[in-house]
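# Structure assessment
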Amino acid sequence: MTPTHIPNIPKKVLNNLVSFLAPYEQAVDELKLKLKGIKYGFLKNGRYSPIEFVVGRVKKTDSLLRKAVEKRIDFNQDDWQEVIKNEITDIAGLRCVCRYIDDVREVQQLIQMREDIQIYDVKDYIDAPKESGYRSIHMIGTYTVYSGGEKWTLPCEIQIRTLGMNFWAVNEHELRYKYDGKIPDDVMQQLSTASTITNQLDELMNNLRQEIMTPMPVLVDNNLEEKLEEIFSLCVRQNYESAAALYKEHFSGFEEVFLDNPKFRMIYDMLGKRLKR
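Each residue is numbered by its place in its chain's sequence as written, counting from 1. Two thresholds apply to this predicted model, a pLDDT of at least 70 for residue-level local features and 80 or more for giving and counting side-chain atom pairs, whereas whole-chain, interface and lining totals are computed over all residues. To get the side-chain values, all heavy atoms of the structure are used, and hydrogens and water are removed first.

Glancing now at empty space enclosed by the protein. Throughout, the protein atoms alone are placed on a 1 Å grid, and a set of points is a cavity if a 1.4 Å probe fits but cannot get out or a pocket if it is open with protein on both sides within 12 Å along at least five of seven lines; lining residues have an atom within 4 Å of a point. Grid points are joined across faces, edges and corners, and a volume is the space filled by probe spheres set on the points. With the rule as written, the count across this model stands at 1 cavity of 30 Å³ or more. When its volume is computed, the largest cavity comes out at roughly 60 Å³. Forming the walls of the largest cavity are G133, R135, M165, W168, S195, T198 and N199. A run of DSSP states H or I qualifies as a helix once it reaches four residues; a run of E qualifies as a strand once it reaches two. Both are numbered from the N-terminal end. Broken down by secondary-structure element, the contributors of at least two residues to the lining of the largest cavity are helix 5 (163-178) and helix 6 (185-213). Here the lining of the largest cavity takes 3 residues from helix 6, the largest share from any one element. In the lining of the largest cavity, the residues fall into 2 nonpolar, 4 polar and 1 charged. Ten residue types, Ala, Val, Leu, Ile, Met, Phe, Trp, Tyr, Cys and Pro, are classed as nonpolar, four, Asp, Glu, Lys and Arg, as charged, and the remainder, Gly among them, as polar.

Structure representation (structure tokens):
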């Protein structure tokens, strides 16, 4: 259905839609740049980025008008633009896609800590998925742009998903479009099953990622403690050459394990340049 086919929309409203949506276009462009900046900030510092990619869009005119009609917004009123801005908060939409569930939570915190985006509503569809199986974090906030010499503080929606959640949601959206919002029961059942499997995979991969990020425990051989005593004894007797040879044989490459050991630090200081030969 095109905007001109939606009933009860005055022509002057249709003519004003382009200028009405312009600040939203600017908000999406700016927010995309800023959210991508989070990613590149991590990468430039040689760190893993919790954001895989960012996309954004402004709601299409027909979709916007249809939603406005559903909300019974009266376009004959002079304040219709302000009413739409207050009633429809997802005209400007951003989506951050992450690899892991932990990344989704981290990105949520990073965005909520920002001063340029004022988040005032968060819906957690990961812990409490929708009936269809949809999972994501939805945040509604306000963002200010300066357009044509005017200041606009606009609502925006930011969604944060894993790659798996995003893949599922894109397919679900296309099915809803195909069936005009009335997906057959058997297809809905398949979607629900796919959502469960996707979530299981997300949780499994998140656990594996935590395993990767957890450092291996370092086991200190008791024999090394004995060797440390032997080296210390040689140093006390000023037999530095033998002490250095024993150190290189047993401790070279494992210094980090013993950094908190006062005796090890004394040995290292006493042997000094001999360890660098």
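So, about the layout of surface pockets. One number sums up the size of the largest pocket: a volume of about 1,600 Å³. Looking at the largest pocket, it is lined by 35 residues, and the ones nearest its centre are R57, K59, S63, D90 and H173. For the lining of the largest pocket, the secondary structure elements donating two or more residues are strand 1 (53-58), helix 2 (61-70), strand 2 (92-98), strand 3 (117-124), strand 4 (137-147), strand 5 (150-162) and helix 5. Of the residues assigned to the lining of the largest pocket, the class counts are 10 nonpolar, 8 polar and 17 charged.

To continue, consider the pairing of strand 2. Per-residue accessibility, obtained with a 1.4 Å probe over protein chains only, is compared with the maximum for each type, and a residue is labelled buried under 20%, exposed over 50%, and partly exposed between these values. Burial runs high along strand 2: 6 of the 7 residues are buried. In this scheme, strands are said to pair when DSSP sees at least two bridges between them. Across 6 bridges, strand 1 lies against strand 2 in antiparallel orientation. Bridging across to strand 2, F53 finds its partner in V97. Across 6 bridges, strand 2 lies against strand 5 in parallel orientation. Bridge pairing in strand 5 places G93 opposite E157.

A few words now on the packing of aromatic side chains. Centre distance within 6.5 Å is the pairing criterion for rings of Phe, Tyr and Trp, where only the six-membered ring of Trp is used; planes under 30 degrees apart are then read as stacked, over 60 as edge-to-face, and the remainder as tilted. In the structure shown here, the tally under the stated rule is 5 aromatic pairs. Taking 5.6 Å as the distance between ring centres and 55° as the angle between the ring planes, the aromatic pair formed by F20 and Y24 counts as tilted. Here Y24 and F20 lie together in helix 1 (residues 11-44), a separation of 4 residues that amounts to about one turn. For F20, a relative accessible area of 4% puts it in the buried group. Here the aromatic rings of Y125 and Y134 are separated by 6.0 Å at their centres, their planes lie at 65°, and the arrangement is edge-to-face. With relative accessibility at 16%, the residue Y125 sits in the buried group. Overall, Y134 belongs to the buried group, its relative accessible area being 9%.

What follows is about the environment of R161. Along the polypeptide, R161 turns up in strand 5. R161 sits 26 residues away from R135 along the chain, and the two C-alpha atoms are 7.5 Å apart. Setting aside residues up to four positions removed in sequence, R161 forms contacts with R95, C96, V97, C98, V104, Y134, R135, S136, N166 and A169. Contacts between residues were defined by any pair of non-hydrogen atoms, one from each residue, lying within 4.5 Å.

What follows is about the packing of helix 1 against helix 2. Each packed pair of helices is defined by two parameters, the angle between the axes and the distance between the axes. Running from amino to carboxyl end, helix 1 crosses helix 2 at an angle of 105°, the nearest separation of the two axes being 12 Å. Between helix 1 and helix 2, the angle is such that the two are roughly perpendicular. For the pair formed by helix 1 and helix 2, the contact residues are L14, L17, F20 and L21 on the first element and T61, L64 and L65 on the second. Looking at the contact of helix 1 with helix 2, its residues break down into 6 nonpolar, 1 polar and no charged. All axes are obtained by fitting lines to C-alpha atoms, using only the stretch in contact for helices, and the reported angles, taken between N-to-C directions, cover 0 to 180 degrees. Working definition: roughly parallel below 35 degrees, roughly antiparallel above 145 degrees, roughly perpendicular at 65 to 115 degrees, and oblique for all remaining angles.

On to the nonpolar core. Counting 43 residues, the largest nonpolar core has I84, I91, I111 and I160 as its most contacted members. At the level of elements, helix 1, strand 1, helix 2, helix 3 (80-87), strand 2, helix 4 (101-112), strand 4 and strand 5 are the ones that each hand at least two residues to this core. With 11 residues, helix 1 is the single largest residue contributor to this core. Apart from residues lying up to four places away in sequence, I91 is in contact with F20, L21, Y24, R57, V58, K59, L64 and I84. Counting residues in hydrophobic clusters, the runner-up holds 15 residues, among them L234, L246, Y247 and F258. Buried Ala, Val, Leu, Ile, Met, Phe, Trp, Tyr and Cys residues form a nonpolar core when they are joined through side-chain atoms within 4.5 Å.

Before going further, it helps to spend a moment on the sheet that holds strand 1. If you trace the 5 strands from one edge of the open sheet to the other, you get 1-2-5-4-3, paired in mixed fashion. Each end of this open sheet is capped by a strand with a single partner; those strands are strand 1 and strand 3. Between one strand axis and the next, the sheet turns by 25° as a mean value, whatever way the strands run. As paired elements, strand 4 and strand 5 share 11 bridges and run antiparallel to each other. Opposite T142, over in strand 5, you have P155 as the bridge partner.

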